[in-house]
Amino acid sequence: MPMRVRHPRLRLLFLLLALGVSAPATPACFTARLVAEYDEQVDRTATRLQRAMDAFLTQLESLPSSDPARTYAENKEFYLQYGVDLRALKVRATGLQRNSITVEQIDRMENSLEQLRSTHESQNRLSPAAIREFRNLFNAAWTAILTFELAKKR
């Protein structure tokens, strides 16, 4: 006479054990992707944008403080183009499934760009200390984005 199991939890346990015993030999583990796959275009674009920002700030820093090329008006186009490039990167990153972490990091980068732009506009010429601070901020943020993107390769 077959054994009757009256408790639903025990019935489920017995069912799972029976399936485990009778299941064909298959790998017991699988890889679940919790984040997006590595994207070479995100990697390349992030690298290019990091370099562009570092070059921009280095150029400003190297100019004499009275040089008109240090003024906001002379550099307004850089902020516009950099913003376009950031938004294009964000669109690319948003199009990839499970890529919300990268998208959030790009959102923060857009906020940092706006802080830099508004500081430059209000001061007209960025001080050497402000330039160094912004360079460190942007390099740290780009490092985080690139480190995460490269970790996806593994």
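Our subject is the structure that appears above.
What this report covers is the structure whose coordinates are included nearby. What you see is a predicted model, and the numbers here were worked out from it, not measured in a lab. (Residues numbered from 1 in each chain as written. Predicted model: local features only at pLDDT ≥ 70, side-chain atom pairs only at ≥ 80, totals over all residues. Heavy atoms only, no water.)

Attention shifts here to helix α4 (residues 100–123). An ideal rise of 1.5 Å per residue puts 34 Å on 24 residues; α4 measures up with 35 Å between its terminal C-alpha atoms. Of the surrounding elements, those touching the buried residues of α4 are α2 (40–62), α3 (72–94) and α5 (128–151). Count one or two residues on from α4 and you reach Asn124, which has phi positive near 65°. (Helix = DSSP H or I, 4+ residues; strand = E, 2+ residues; numbered from the N terminus. Expected span 1.5 Å × (residues − 1). Contact = heavy atoms within 4.5 Å.)

Turning our attention to the environment of Gly83. Mapping Gly83 onto the fold places it in helix α3. Separated by 31 residues in sequence, Gly83 and Glu114 place their C-alpha atoms 8.8 Å apart.

Let's shift gears to the pattern of salt bridges. Throughout the structure, instances matching the rule amount to 11 salt bridges. Among the ionic pairs, Glu40 bridges to Arg44, the shortest N-O distance being 2.4 Å. In this pair, Glu40 and Arg44 are both assigned in helix α2, four residues apart and thus about one turn of the helix distant. When its relative accessible area of 57% is taken as the criterion, Arg44 is described as exposed. Between Arg135 and Asp54 there is a salt bridge whose closest N-O contact spans 3.7 Å. You can see Arg135 sitting in helix α5 and its partner Asp54 sitting in helix α2, a full 81 residues away along the chain. Taking the relative accessible area as the measure of exposure, Arg135 reaches 14% and is therefore buried. (Salt bridge = Lys/Arg side-chain N within 4 Å of Asp/Glu carboxyl O. Buried < 20%, exposed > 50% of the residue type's maximum accessible area, 1.4 Å probe, protein only.)

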